[in-house]
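# Coordinate inspection notes
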Amino acid sequence: MTEVLHTDIKYLQGVGPKKADILNKEIEIFTVEDLLYYFPYRYVDRSRIYFIHEIDGNMPYIQLKGKITAFETFGEGRNKRLVGHFTDGTGFIDLVWFQGAKFITDKYKTHSPYIIFGKPTQFGDRFNIAHPEIDPFITEERRQTGLMPFYNTTEKMKKHYLNSKAIQKIMLSAFQSVMNHLSETLPASVIRDNRLMGLKDALRNIHFPETPALLREAQHRLKFEELFYIQLNILRYTAERKSKLKGFVFNKVGEYLNTFYAKNLPFELTNAQKRVIKEIRRDMDTGEQMNRLLQGDVGSGKTLVALMLMLIAIDNGFQAALMAPTEILATQHFASISEMIRGLGLNVELLTGSTKKKDRERIHTGLLTGDVNILIGTHALIEDTVQFSNLGLVIIDEQHRFGVAQRAKLWTKNSNPPHMLVMTATPIPRTLAMTVYGDLDVSVIDELPPGRKPIETLHVYDKKRQGLYQSIRKQLSEGRQVYIVYPLIEESEKLDLKNLEEGFEHIQEVFPEYTVCKVHGKMKPKEKDAEMQRFVNNEAQIMVATTVIEVGVNVPNASVMVIESAQRFGLSQLHQLRGRVGRGADQSFCILVTPYELSADTRKRINIMVESTDGFEIAEADLKFRGPGDLEGTQQSGIPFNLKIANIVKDSETLQFARSIAQKLLDEDPQLEKPEHLILKKQLRKLSGNRYNWGMIS
Ligand code: ADP
Ligand code: MG
């Protein structure tokens, strides 16, 4: 079977080398099999023909039957367009083409019956359909009816006549050539027990649905399969790792933790902090290596949890390390942790890119002799020259800034890998965590320390800027500090920088009596840190910045976060930014500045921010709005696969179902050695040979 499925796409009828090249480059389709797994993104019911008088402003793709009464050309140069006036006797609609006028007027005749297909758009009280699909009207019986699939195509594909309809045609010839060579990719028992549709039927119905019910079954089968193999792989990999690796056992409750708890702890732990410490502690006592994700909203007190865990490691005779994504954060951690453990007789060191050579050498030696108990730093910590005498626990703050490979490198800092805790303020919805971090255990701090005043979030139109400045001035006059953030979109970095520079100058003019500092991503880390430091020390009262301040900076005196062009930020990002204020005892404010004109979706997003301060709620909403592909941080955190048909948010039930089936299979047959499970091994191997990089998920 494989032979036929692996046939180069160029040999398919109707493709050829030129089109094959486009398919290769544009949508990564190389073989007949790749093509079969290129699924439609939408289906349109072609059995229904609409009347023009039924059209309203919210129509999906529809079909109309009627005649073109006349063609007319409007506009000049780039605005030139061809319009065909189309009627079905119940009204008129304009068909519009911006290119190919000659081709159209040659091909289609006025006053002949056509079926046209497209999405109507409203302009004033008229409707038009741009670049409609036009077919001659044949008799009712021969017309294509039923569900018509739609395939994603790119501009370039369309230029080479590879539109959705062309893909459909190629698909048909592909399907006919391999139909008799398709063999099942799931074990028979899984198909039978879960009443899944067979592969051949599923592929046929996904491309050429016979009925809506069969289409749904086909979709379910293919989504299940996709999620099932991801879960099977994650679960298998986790089991293997657990059985291979031994973890250090931290079973002592020692002096350091007890003394800290009795004497140094500046406040009561929240219940959530207590609970996660318990969970993590239990993990570090099992003899297995811990890999855990600690989620907690900004300000929930993750640092304190980290510190207490490090004390447990030290009590058990180990060293601990805390790694932060930026120098300023590492420095802040160093300062606050040094302060908190004062009097315990512990040795904490800070290692960053700007640590002097002499200090560096001293630290290296201290780590090797075991004199240094806690090392705090940036990714300078990963360098090979940094060797420990007995590293037992590594904590990584704000994980999404670190690549997977960097994390893996930390494993090698001891002959046996240390326990690993990844802390993040980016709330990852459960379904996504299960998939992306399927082999990490998750702990959640779902409670803020008492006495915090919820941040008040306001939406302000940019025309009303004057009022905004008055409010800012009031806060400044009370001694507070203010952040003003500008968006940064990579494609137009120059423009963004210009925005920022202009904003900076403008703000200096508006607030001449205060000092303004400025931070952006193009600055050298040294400069950036120096500017940040000016704000931390209150030498500057206003910080104008791009999103570089997003991560973890703690300036309790800052009480106002102004976000310019807030419509250009994702929800999670807005939430992260907002978390920079509200860290002190005073009422804090987050002000989202946007133009008056906003799309309905954007307005919804802004409203969610105004109404909710719950990071998880916001993350779920974000995922719904943007889809998981865009979820901030997932790229960097190494989501290793593209889903072809399943959607992590919408198909979360199928995901959990698939996971439970995968788990059951592994419980029965951990090595997948039973003959009927050979297919599983084969599929896993095949997937790992693809663009997937399964092993690196943790
Ligand atoms: P994050 O989870 O965002 O890293 P931090 O660890 O920086 O949060 O904590 C935010 C602030 O809350 C710090 O000033 C910290 O001292 C304080 N804090 C942490 N735990 C508690 C607690 N249980 N009660 C009161 N304040 C706390
Ligand atoms: Mg933090």
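In this report, the structure presented in the accompanying data block is examined. (Residues numbered from 1 in each chain as written. Chains lettered and ligands numbered in written order. Predicted model: local features only at pLDDT ≥ 70, side-chain atom pairs only at ≥ 80, totals over all residues. Heavy atoms only, no water.)

Let us now look at the overall build of the protein. A count of helices and strands for the protein gives 24 helices and 22 strands. Here the protein, with 698 residues, has 52% of them falling under the buried criterion. Expressed as a percentage of contacts within the protein between residues at least 6 apart in sequence, the contacts between residues at least 24 apart total 73%. Surface accessibility of the protein: about 33,100 Å² in total, with carbon and sulfur atoms responsible for 51%. (Helix = DSSP H or I, 4+ residues; strand = E, 2+ residues; numbered from the N terminus. Buried < 20%, exposed > 50% of the residue type's maximum accessible area, 1.4 Å probe, protein only. Contact = heavy atoms within 4.5 Å. Areas by Shrake-Rupley, 256 points an atom, 1.4 Å probe, with all protein chains shown as cover.)

To continue, consider helix H10 (residues 255-264). Every buried residue of H10 is accounted for by Leu-257, Phe-260 and Asn-264. Viewed along the axis of H10, the buried residues span an arc of 90°, placing them on a single side of the element. What points out from H10, more than 90 degrees from its buried face, is the exposed set Glu-255, Ala-262 and Lys-263. Along its buried surface, H10 packs onto helix H11 (271-283), helix H12 (302-315) and helix H13 (327-340). (Arc of directions from axis to C-beta.)

What follows concerns the environment of Met-310. Here Met-310 shows up in helix H12. Sequence separation of Met-310 and Leu-322 is 12 residues, and the distance between their C-alpha atoms is 8.7 Å. Every residue in contact with Met-310, bar those within four places of it in the chain, is listed here: Ala-320, Ala-321, Leu-322, Ile-337, Ile-374, Leu-393 and Ile-395.

Time to look at the sheet that holds strand E7 (residues 126-130). Ordered by their spatial adjacency, 7 strands build an open sheet running E6-E7-E4-E3-E2-E5-E8, and the pairing between neighbours is mixed. Each of the sheet's edge strands pairs with one partner strand only, and the pair in question is strand E6 (120-123) and strand E8 (133-136). Averaged over all pairs of adjacent strands, the angle between their axes in this sheet comes to 45°, without regard to strand direction. The pairing of strand E2 (residues 62-74) with strand E5 (residues 113-118) spans 6 bridges and is antiparallel. Across the sheet, residue Leu-64 finds its bridge partner in E5, namely Ile-116. (Pairing = 2+ DSSP bridges. Axes fitted to C-alpha atoms, helices over the stretch in contact; angles between N-to-C directions.)

All right, on to the environment of Leu-687 then. In this fold, Leu-687 is placed in helix H24 (residues 678-689). In this structure the C-alpha to C-alpha distance between Leu-687 and Ile-230, which are 457 residues apart in sequence, comes to 9.1 Å.

Here we take up the side chain of Glu-349. Its place among the elements puts Glu-349 in strand E12 (residues 348-351). The exposure class of Glu-349 is buried, given its relative accessible area of 12%. Not counting residues within four places of it along the chain, the set of residues in contact with Glu-349 comprises Phe-334, Arg-362, Ile-363, Val-372, Ile-374, Leu-375 and Ile-376.

Ligand 1 sits among 16 residues. The nearest are Glu-268, Gly-299, Lys-302, Thr-303 and Arg-452. With respect to ligand 1, the backbone of Gly-299 contributes an N or O atom lying 2.6 Å from an oxygen atom. At 3.4 Å, a backbone N or O of Ser-300 approaches an oxygen atom of ligand 1. If one sorts the elements of the shell around ligand 1 by residue count, H12 sits on top with 3 residues. Grouping the amino acids of the shell around ligand 1 by side-chain chemistry returns 5 nonpolar, 6 polar and 5 charged. (Near = heavy atom within 4 Å. Polar contact = N/O pair within 3.5 Å; in protein donor to acceptor, adjacent residues only side chain to side chain. Nonpolar A, V, L, I, M, F, W, Y, C, P; charged D, E, K, R; others polar.)

Let us look at unusual backbone geometry. One non-glycine residue, His-111, lies in positive phi territory at about 65°. Summarising the element assignment, His-111 is placed in the loop between helix H4 (101-107) and E5.

In total, this model carries 29 salt bridges according to the counting rule given. For Arg-473, the salt bridge identified is with Glu-513, shortest N-O distance 3.1 Å. With a gap of 40 residues between them, Arg-473 in helix H17 (residues 465-477) and Glu-513 in the loop between helix H18 (493-510) and strand E19 (516-519) connect regions that are remote in the sequence. On the basis of relative accessible area, Glu-513 is assigned to the partly exposed category, the value being 48%. Sharing partners across several salt bridges, the network here consists of Arg-275, Glu-279, Asp-283, Arg-292 and Asp-446. (Salt bridge = Lys/Arg side-chain N within 4 Å of Asp/Glu carboxyl O.)

What follows is about the packing of aromatic side chains. For any pair of aromatic rings, geometry is given as the distance between the ring centres together with the angle between the planes. All chains considered together, the criterion is met by 16 aromatic pairs. Between Tyr-38 and Tyr-151 the ring centres are 6.3 Å apart and the planes differ by 15°, which places this aromatic pair in the stacked class. Linking Tyr-38 in the loop between helix H3 (32-36) and strand E1 (42-45) with Tyr-151 in the loop between strand E9 (147-150) and helix H5 (155-159), this pair joins segments that are 113 residues apart in sequence. Exposure class is identical for Tyr-38 and Tyr-151. Each is buried. Geometrically, the ring pair formed by Phe-71 and Trp-97 is tilted, given 6.3 Å between the ring centres and 55° between the ring planes. Residue Phe-71 is located in strand E2, and its partner Trp-97 is located in strand E4 (residues 92-97); the two are separated by 26 residues in the primary sequence. The class for Trp-97 is buried, based on a relative accessible area of 5%. Ring pairs connect the aromatic residues Phe-224, Phe-228, Tyr-229 and Phe-657, which therefore count as one cluster. If you follow Arg-603 out to its NZ or CZ, it ends over the ring of Tyr-596, 5.9 Å from the centre. (Phe/Tyr/Trp six-rings, centres within 6.5 Å; stacked < 30°, edge-to-face > 60°. Lys NZ or Arg CZ within 6 Å of the ring centre and 35° of its normal.)

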